[in-house]
Amino acid sequence: MKTDLHQLLRSLRVWDPEVTELPPFDPAAAPADPLPLFARWFAEAVAAGQPEPHTMSLATSDDEGLPDVRIVVLHGADAHGWSFASHTGSRKGRHLAARPYAALCFYWPVLGRQVRLRGPVAVAPAEEAQADLHARSTGALAAALTGRQSEVLASVDELARASEAAWERARREPETPAPSWTLYRLRPQEAEFFQGDADRRHLRLRYRREEEGWARDLLWP
């Protein structure tokens, strides 16, 4: 099995030209603030047909400093930060309560691009979290009402029963609150934009937050 895995890995390509276009990127023309560049790159990823461009890796650490990572969905990005949501009692919720600092990574291979962000994380007001939840789908509300995220599950049947009850309530009471549902905002202290290059001369533009705005650097690939 080990040999088969290695053979499979060696058979794969990164940024196959049949499905990937590596657009030019001029860091000197980038805006002074990372948010407009992120919005533009996000729109270009959507236009290029990138599947699920709003998904991102979220890295946190526990109270001992041990790291963890998972995929979550971007709920918004503005002057207040990049937003995502979870239950306060989930593993990521507990991590953020102990160490309110995190990192995000978007990967859009259809354009050979990454965006990395890291900084402190704040909790949005509860009414904003509930408004965000109720603006989403019935399924999102049902999942939030099922709750108990990251707790030990006794059986698949127990999950099915809890989920069915949550779906029924979400359909019957679409405005019902989910008190543990929390909206988090990461306010980046650092943002990096990576543009892949076919000749491996990848471009990396880093923004660093300073008192009076943003400083920008180029990084070696």
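Anything mentioned here points back to the structure above.
Thresholds applied
- Residues numbered from 1 in each chain as written.
- Predicted model: local features only at pLDDT ≥ 70, side-chain atom pairs only at ≥ 80, totals over all residues.
- Heavy atoms only, no water.
- Helix = DSSP H or I, 4+ residues; strand = E, 2+ residues; numbered from the N terminus.
- Buried < 20%, exposed > 50% of the residue type's maximum accessible area, 1.4 Å probe, protein only.
- Contact = heavy atoms within 4.5 Å.
- Areas by Shrake-Rupley, 256 points an atom, 1.4 Å probe, with all protein chains shown as cover.
- Lys, Arg positive; Asp, Glu negative; His and termini not counted.
- Charge placed at Lys NZ, Arg CZ, Asp CG, Glu CD.
- Phe/Tyr/Trp six-rings, centres within 6.5 Å; stacked < 30°, edge-to-face > 60°.
- Axes fitted to C-alpha atoms, helices over the stretch in contact; angles between N-to-C directions.
- Parallel < 35°, antiparallel > 145°, perpendicular 65-115°, else oblique.
- Left-handed = near helix turned anticlockwise from the far one by under 90°.
- Nonpolar A, V, L, I, M, F, W, Y, C, P; charged D, E, K, R; others polar.
- Core = buried A, V, L, I, M, F, W, Y, C linked by side-chain atoms within 4.5 Å.

Visitor: Looking at this model, I keep getting lost on the overall build of the chain. Mind explaining?
Guide: Assigned secondary structure in the chain consists of six helices and ten strands. Burial status across the chain gives 34% buried among its 221 residues. The contacts in the chain between residues at least 6 apart in sequence include a share of 64% that link residues at least 24 apart. Here the chain displays about 13,300 Å² of accessible surface, and carbon together with sulfur accounts for 54% of that area. Put simply, the chain has 27 plus and 31 minus side-chain charges, and the middle of one group is 3 Å from the middle of the other.

Visitor: Is there a simple way to explain the packing of aromatic side chains in this structure?
Guide: Given two aromatic rings, one states the distance between the centres and the angle between the planes to describe the pair. Scanning the model with the defined rule gives twelve aromatic pairs in all. Note on Phe38 and Trp82: the rings are 5.4 Å apart at their centroids and 75 degrees apart in plane angle, and the pair reads as edge-to-face. Here Phe38 is found in helix α2 (residues 34-47), whereas its partner Trp82 is found in strand β4 (residues 81-87), with 44 residues between them in sequence. When sorted by exposure, Phe38 lands in the same class as Trp82, which is buried.

Visitor: In this structure, what is going on with the packing of helix α5 (residues 138-146) against helix α6 (residues 156-172)? I would like to understand it.
Guide: If you want to describe how two helices pack, look at the angle between their axes and the distance between the axes. Where α5 contacts α6, the two axes come as close as 8 Å, and the packing angle between them is 130 degrees. Between α5 and α6, the interaxial angle falls into the category oblique. As α5 packs across α6, the resulting crossing turns out to be right-handed. When α5 is examined against α6, the residues Thr138, Gly139, Leu141, Ala142, Leu145 and Thr146 are found in contact with a partner set consisting of Leu159, Ala162, Ser163, Ala166, Trp167, Arg169, Ala170 and Arg171. Among the residues making up the contact of α5 with α6, the classes are represented as eight nonpolar, four polar and two charged.

Visitor: Looking at this structure, I do not really get α5. What am I missing?
Guide: Because an α-helix packs 3.6 residues into every turn, residues spaced three or four apart end up facing the same way. For α5, every residue scored as buried is listed here: Ala140, Leu141, Ala142 and Ala144. If you follow the buried residues of α5, they end up packed against β4, α4 (126-134), α6 and β7 (181-186).

Visitor: Can you help me understand the nonpolar core in this one?
Guide: Here is a general trend for soluble globular proteins: nonpolar side chains tend to be buried in one another's company. In this structure, Leu37, Phe38, Phe84, Phe106, Val115, Leu117 and Phe193 are the most contacted members of the largest nonpolar core, which totals 26 residues. Of all the elements in the fold, those that place two or more residues in this core are α2, β1 (55-61), β4, β5 (101-108), β6 (113-123), β7, β8 (190-195) and β9 (203-210). The contacts of Phe106, once residues within four sequence positions are left out, are Phe38, Pro53, His54, Thr55, Met56, Leu74, Trp82, Arg113, Gln114, Val115 and Leu117. Membership of the second largest hydrophobic core comes to twelve residues, among which are Ala124, Ala142, Ala166 and Trp181.

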